[in-house]
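Inside the fold
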Amino acid sequence: MKSLKERILELKKEKNAVILAHYYQEADIQDIADYVGDSLGLSQEAMKVDADIILFAGVHFMAETAKILNPTKKVILPDLKAGCSLAESCPPDLFKKFIDEHPGHIVITYVNCSAEVKALTDIVCTSSNAVKIVESIPKETPIIFAPDKNLGKYIIEKTGREMLLWDGSCVVHEAFSLDKLIALYKENPDAKIIAHPESETHILKTAAYIGSTAGMIEFVKTDPSKKFIVATEAGILHKMQQVVPDKILIPAPSNEDNTCACSECGYMKMNTLQKVYDCLLNESPEINVPGDIMKKALIPIERMLELSK
């Protein structure tokens, strides 16, 4: 009997589908994906897809972005409930009110938000290019940055720009325990701490390197150190270990009482190999974005991609 992976690969060929997966997906899903990447890489890849179907193994806002960039393709998501705590922390109606209360600001939103919020935005960014995008805005222009206040604080520190921050955050990146991290580092003084900028400031202060998921993978590849403590969602360790099989990677400890003592995104882990198979077989759940929202949201995404070249 054929394995689930084999059946997925056959279906993918039969239906002329492509599987895009985020680094935070479970290892089995990453292994069958045509492309595994961070939000910027996935957005760039979504634009290039010439298959009939894009199966997005990630969360809802990522699949929406793929649909906005490739409106003629069928975009499917293994589990419609795979949301994002950060995107949910910024409801479109409240965000519109916030913008209206602060006229004259250019609005930059992190890609981890809904299509409706992107439609209210001047330019989208990812953690890979956020600093570059903020620095591209004239110094005299006031900026609203949403939804991630931790990423916003990091950008303010890096650029010296004042920005008005929306009060949103990612539960995964706020779950790291500083006390446990310090204790872990004492046990592994030869390790370098690397962190995602969605983490809180006190975690970032401990890090030898701060960057996007793709940036973190590149850092462990090129840095001479042999041991790293990794402060982001634990799913990244699968791809990272493939890139540096000879190095020791330790997930940063979480406050949560969970199986791995690391920080895992429950939303990302909603997608399973079985759901990927069912999704391909039935070509659903399908992601659709209203035409007017799609048109408005495309503009700030295209601006980001243009600036990221």
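Residues numbered from 1 in each chain as written. Predicted model: local features only at pLDDT ≥ 70, side-chain atom pairs only at ≥ 80, totals over all residues. Heavy atoms only, no water.

Which parts of space are left empty comes out when a probe the size of a water molecule is rolled across the atoms. In the structure shown here, the tally under the stated rule is 1 cavity of 30 Å³ or more. Lining the largest cavity are S39, L42, S43, A46, F56, F61, M62, T65, A66, L69 and V111. The biggest single contributor to the lining of the largest cavity is helix α4 (residues 60–69), with 5 residues. Split by residue class, the lining of the largest cavity holds 8 nonpolar, 3 polar and no charged. (1 Å grid on protein atoms, 1.4 Å probe; cavity = no way out; pocket = protein on both sides within 12 Å on 5 of 7 lines; lining within 4 Å. Points joined across faces, edges and corners; volume = space filled by probe spheres on them. Helix = DSSP H or I, 4+ residues; strand = E, 2+ residues; numbered from the N terminus. Nonpolar A, V, L, I, M, F, W, Y, C, P; charged D, E, K, R; others polar.)

As a volume, the largest pocket reaches approximately 290 Å³. Sorting the residues of the lining of the largest pocket by element identifies α3 (39–48), α4 and α5 (85–88) as the ones contributing at least two each. Of the residues that constitute the lining of the largest pocket, the class distribution is 14 nonpolar, 12 polar and 4 charged.

To characterise two packed helices, one gives the angle between the axes of the helices and the distance between these axes. Two numbers describe how helix α1 (residues 4–14) lies on helix α14 (residues 273–282): the axes approach to 10 Å, and their chain directions differ by 25°. Of the possible angle classes, the one that applies to α1 and α14 is roughly parallel. The two elements α1 and α14 meet at a crossing, and its hand is left-handed. Where α1 approaches α14, its residues L4, K5, R7, I8, L11 and K12 are matched on the opposing element by L273, Q274, V276, Y277, L280 and L281. Residue composition of the contact of α1 with α14, by class: 8 nonpolar, 1 polar and 3 charged. (Axes fitted to C-alpha atoms, helices over the stretch in contact; angles between N-to-C directions. Parallel < 35°, antiparallel > 145°, perpendicular 65-115°, else oblique. Left-handed = near helix turned anticlockwise from the far one by under 90°. Contact = heavy atoms within 4.5 Å.)

Counted under the stated rule, the structure contains 5 aromatic pairs. Each ring, one from F95 and one from F98, has its centre 6.4 Å from the other, and the planes form 20°; the classification is stacked. Here F95 and its partner F98 are both found in helix α6 (residues 92–101), 3 residues apart, which amounts to about one turn of the helix. Here the two residues F95 and F98 agree in accessibility, since each one is buried. One aromatic cluster is present, formed by F95, F98 and W166 through successive ring pairs. Sitting over the face of the ring of Y277, R7 holds its NZ or CZ atom 5.0 Å from the ring centroid. (Phe/Tyr/Trp six-rings, centres within 6.5 Å; stacked < 30°, edge-to-face > 60°. Buried < 20%, exposed > 50% of the residue type's maximum accessible area, 1.4 Å probe, protein only. Lys NZ or Arg CZ within 6 Å of the ring centre and 35° of its normal.)

The strand order across the open sheet formed by 4 strands is β6-β5-β7-β8, and the pairing between neighbours is parallel. The two strands at the open ends of the sheet, each matched to only one other strand, are β6 (123–125) and β8 (163–165). The mean inter-strand angle of the sheet, taken between neighbouring strand axes irrespective of direction, is 30°. Looking at chain direction, strand β5 (residues 106–110) and β6 are connected through 3 bridges and run parallel. Bridge pairing in β6 places T109 opposite V124. Against the sheet, α6 engages β5, β7 (143–146) and β8, with an angle of about 165° to β7. Set on the sheet, helix α9 (residues 149–159) makes contact with β5, β7 and β8; between it and β8 the angle comes to about 165°. (Pairing = 2+ DSSP bridges.)

Excluding glycine, residues mostly carry a negative phi; peptide bonds, for their part, are mostly trans. Of note, the bond from A146 into P147 is cis; its omega dihedral lies within 30 degrees of zero at -10°. Mapped onto the elements, P147 comes out in the loop between β7 and α9. Omega for the peptide link from S284 to P285 comes to 5°, which places this bond in the cis form. With respect to the helices and strands, P285 occurs in the loop between α14 and α15 (291–307). Unusually for a residue other than glycine, N16 sits at a positive phi of about 50°. With respect to the element layout, N16 can be found in the loop between α1 and β1 (17–22). On the accessibility criterion, N16 (37% relative accessible area) is partly exposed. Within the chain, E283 stands out as a residue other than glycine whose phi angle is a positive 55°. With respect to the helices, strands and loops of the structure, E283 is situated in the loop between α14 and α15.

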